[in-house]
Amino acid sequence: MKIPFLDLKKLNKPYESRFQEKFTTFLDSGWYILGNEVRTFEAGFANYCGVKHCIGVGNGLDALTLIFKAYIALGKLQKGDGVLVPANTYIASILAILQAELVPILVEPELETYNIDPLEAEKQRTETTKAILAVHLYGQLSDMVRIHKLAEKYNLLVIEDAAQAHGAVLNGRKAGNWGDAAGFSFYPGKNLGALGDAGAITTNDSELAKILYSLRNYGSEIKYVNDHIGYNSRLDEFQAGILNVKLPDADVEATERKSIVKRYLSEIQNPKIALPYYDFSENHVFHLFVIRTENREALAGYLEEKGIGTLIHYPIPPHQQKALPQFHGLSFPITEKIHREVLSLPLNSTLTTAEVDAIILALNNY
Ligand SMILES: *Cc1c(COP(=O)(O)O)cnc(C)c1O
């Protein structure tokens, strides 16, 4: 048996005929940029998240970058302001802050949830700190209640990196509806994935939304009239069409992933393996099922021999990346432990019962 970490072709197979219809309609329409598919998706995804506005953009990194740039254009952030961000995040969160000429302030996560530790965030905060970027890593909502308390105390903007958390709910509020604004990615491997790059911003702030619609399109609302120094980062019309096909099934796929999660959590029993924390609420959509083990390379090698694909999210912490020498002197013991020990198991709606059985058996025999 060969079980790849993620078989995107298989994942998209059930949508094949509807994708082909979409392509034919798209080609025939003769309208390829910012058309009905983008507008339909923006309305649909805003509705899905329970927010007023959704702005489709080129990808998840741009979604986050444009949020920061928009706040700078509005005068709510200034170049050089600090942004609290978990030290163990995917590098895109940190790049977005840097692209907007803001200063990332790396904060240790909680080992249990892998999300930013609000107590540590408060300790790291300085007078120039103006925002917090809460990353819902692996699909689990950050502790948004405590993050909001912190934000109120120090007057910080709250921005969500929801690239891994489409559909996660806490206290009846979805990812994308917890921050002043949120960035989403629809990269093909994400929980809601396009057939190429795609992203979106959600917000309830109409003033922010207005400037974002402009910034993603050359800083222009009326063609050839430019109010801002903008970008070209529009959600692609064809990718929006693909996302319109998949959006109604986003929760179905999450439910299927979760039934596998329940099996993993109850049936994987091996003292060498630390399973992810999960309180069985709706606050986690399990973009990834991440375990920890002390001798990760041995476990990954063993699983590979059994034909089971795994990945590491992520092998090198941002503060040790060559691209970010400004952080090389810093030490984050929890973050470093996470990057040393984590391993992601296959988890997606294409896995068969026999495949899940084989994965559990292999882990228990390790
Ligand atoms: C995927 C991802 C991004 C970036 O999204 P892209 O669409 O690949 O640019 C940002 N943050 C996190 C946490 C991600 O997982």
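If you're wondering where the values come from, they're calculated on a predicted model, not measured in any experiment. (Residues numbered from 1 in each chain as written. Predicted model: local features only at pLDDT ≥ 70, side-chain atom pairs only at ≥ 80, totals over all residues. Heavy atoms only, no water.)

**Concerning the UniProt feature "active site" (unreviewed entry) in the protein**
UniProt annotation of "active site" (unreviewed entry) refers to Lys190 when read in the numbering used here. Of note, Lys190 is situated in the loop between strand E8 (181-185) and strand E9 (199-203). On the basis of relative accessible area, Lys190 is assigned to the buried category, the value being 17%. Each residue touching Lys190, except ones within four places of it in the same chain, is listed here: Ala163, His166, Ser185 and His287. (UniProt positions renumbered as here; feature names shortened; annotations may be inferred. Helix = DSSP H or I, 4+ residues; strand = E, 2+ residues; numbered from the N terminus. Buried < 20%, exposed > 50% of the residue type's maximum accessible area, 1.4 Å probe, protein only. Contact = heavy atoms within 4.5 Å.)

**Examining the pattern of salt bridges**
Inspection of every chain in the model, using the stated rule, returns 15 salt bridges. For Glu101, the salt bridge is made with Lys79, and the minimal N-O distance between the two is 3.7 Å. Of the two residues, Glu101 is situated in the loop between helix H5 (91-99) and strand E3 (103-107) and Lys79 in the loop between helix H4 (60-73) and strand E2 (82-86); the sequence distance between them amounts to 22 residues. You can call Glu101 partly exposed: its relative accessible area is 46%. Among the salt bridges present, the one from Arg125 reaches Glu127, with a minimum N-O distance of 3.6 Å. (Salt bridge = Lys/Arg side-chain N within 4 Å of Asp/Glu carboxyl O.)

**Thoughts on the site of the ligand**
Neighbouring the ligand are the residues Asn59, Gly60, Leu61, Tyr90, Ala92, Val135, Asp161, Ala163, Gln164, Ser185 and Lys190. The contact in question runs from an oxygen atom of the ligand to an N or O atom on the backbone of Leu61, over 2.9 Å. At 2.7 Å from an oxygen atom of the ligand is found a side-chain nitrogen or oxygen belonging to Gln164. Coverage of the ligand by the protein amounts to 91% of the 380 Å² it exposes when considered alone. (Near = heavy atom within 4 Å. Polar contact = N/O pair within 3.5 Å; in protein donor to acceptor, adjacent residues only side chain to side chain. Areas by Shrake-Rupley, 256 points an atom, 1.4 Å probe, with all protein chains shown as cover.)

**Brief notes about helix H7 (residues 144-154)**
One turn of an α-helix holds 3.6 residues; hence residues three or four places apart share an orientation. Along H7, the positions that sit buried rather than exposed are Met144, Ile147, Leu150 and Ala151. Along the axis of H7, the buried positions cluster into a sector of 120°, meaning they face one direction only. H7 presents Lys149, Glu152 and Lys153 as exposed residues on the side facing more than 90 degrees away from its buried surface. Contacts from the buried residues of H7 go to helix H6 (118-124), strand E4 (129-135), strand E5 (157-161) and strand E6 (169-170). Just past H7, the residue Asn155 takes up positive phi, approximately 55°. (Arc of directions from axis to C-beta.)

**With respect to a nonpolar patch on the surface**
Together, Phe23, Leu27, Tyr32 and Ile33 give the surface a local cluster of nonpolar side chains, amounting to about 370 Å² of exposed area. Residue position: Ile33 is located in the loop between helix H2 (16-29) and helix H3 (36-49). For Ile33, a relative accessible area of 44% corresponds to the partly exposed category. (Patch = residues over 30% accessible without salt bridge, like charges linked within 9 Å, V, L, I, M, F, W, Y side chains within 5 Å.)

**Some words on the side chain of Asp81**
Looking at where Asp81 falls in the secondary structure, it is placed in the loop between H4 and E2. For the buried Asp81, no salt bridge is present, and the opposite-charge side chain at shortest range is Lys130, 5.4 Å distant. Among residues more than four places away in sequence, those in contact with Asp81 are Leu102, Val103, Thr128 and Lys130. (Lys, Arg positive; Asp, Glu negative; His and termini not counted.)

**Some thoughts on the packing of helix H10 (residues 250-267) against helix H13 (residues 353-365)**
Between H10 and H13, the least distance of the axes is 10 Å, while the angle of their chain directions is 25°. Compared by their axis directions, H10 and H13 come out roughly parallel. In terms of crossing hand, the pair formed by H10 and H13 is right-handed. Residue-level inspection shows Ile260, Arg263, Tyr264 and Glu267 of H10 in contact with H13, the latter providing Thr353, Val356, Asp357, Ile359, Ile360 and Asn364. (Axes fitted to C-alpha atoms, helices over the stretch in contact; angles between N-to-C directions. Parallel < 35°, antiparallel > 145°, perpendicular 65-115°, else oblique. Left-handed = near helix turned anticlockwise from the far one by under 90°.)

**Comments concerning the state of the cysteines**
One covalent bond between the sulfur atoms of two cysteine residues makes up a disulfide. With the rule as written, the count across this model stands at zero disulfides. Between Cys49, a free cysteine, and Cys54, which holds the nearest cysteine sulfur, the sulfur-to-sulfur gap is 7.1 Å. In this structure Cys49 comes out as buried when scored by relative accessible area, which is 3%. (Disulfide = S-S within 2.5 Å.)

**Quick notes on the domain arrangement of the protein**
For the protein, the assigned domains are domain 1 (8-106 + 114-247) and domain 2 (249-365). A straight line from the C-alpha centre of domain 1 to that of domain 2 covers 24 Å. Taking both partners together, domain 1 and domain 2 bury about 2900 Å²; carbon and sulfur atoms supply 59% of that area. Its largest share of buried area at the contact with domain 2, domain 1 owes to Tyr114, Tyr138 and Asn191, together 25% of the area lost on that side. Our enumeration of links across domain 1 and domain 2 arrives at zero salt bridges. In this structure, the connection of domain 1 to domain 2 is made through 18 residue pairs in polar contact (both at pLDDT 80 or more). At the level of secondary structure, the elements contributing two or more residues to the side of domain 1 that touches domain 2 comprise helix H1 (8-12), H5, E3 and E6. For the side of domain 1 that touches domain 2, the element with the highest residue contribution is H5, accounting for three residues. (Domains from an automatic or database assignment. Buried area = accessible area lost by both parts, 1.4 Å probe.)

**Concerning the pairing of strand E1 (residues 53-57)**
For E1, a buried count of five out of five residues is recorded, marking the element as mostly surrounded by other parts of the structure. By the alternation rule, side chains of E1 split into His53, Ile55 and Val57 and Cys54 and Gly56, which are all buried. Bridging between E1 and E9 involves five bridges; their strand directions are antiparallel. Bridge pairing links Gly56 to Ala200 in E9. (Pairing = 2+ DSSP bridges.)

**Some points on the side chain of Asn12**
Relative to the helices and strands, Asn12 is located in helix H1. By relative accessible area, Asn12 is classed as buried at 12%. If we ignore the near neighbours within four places in the chain, the residues touching Asn12 are Phe19, Leu195 and Lys246.

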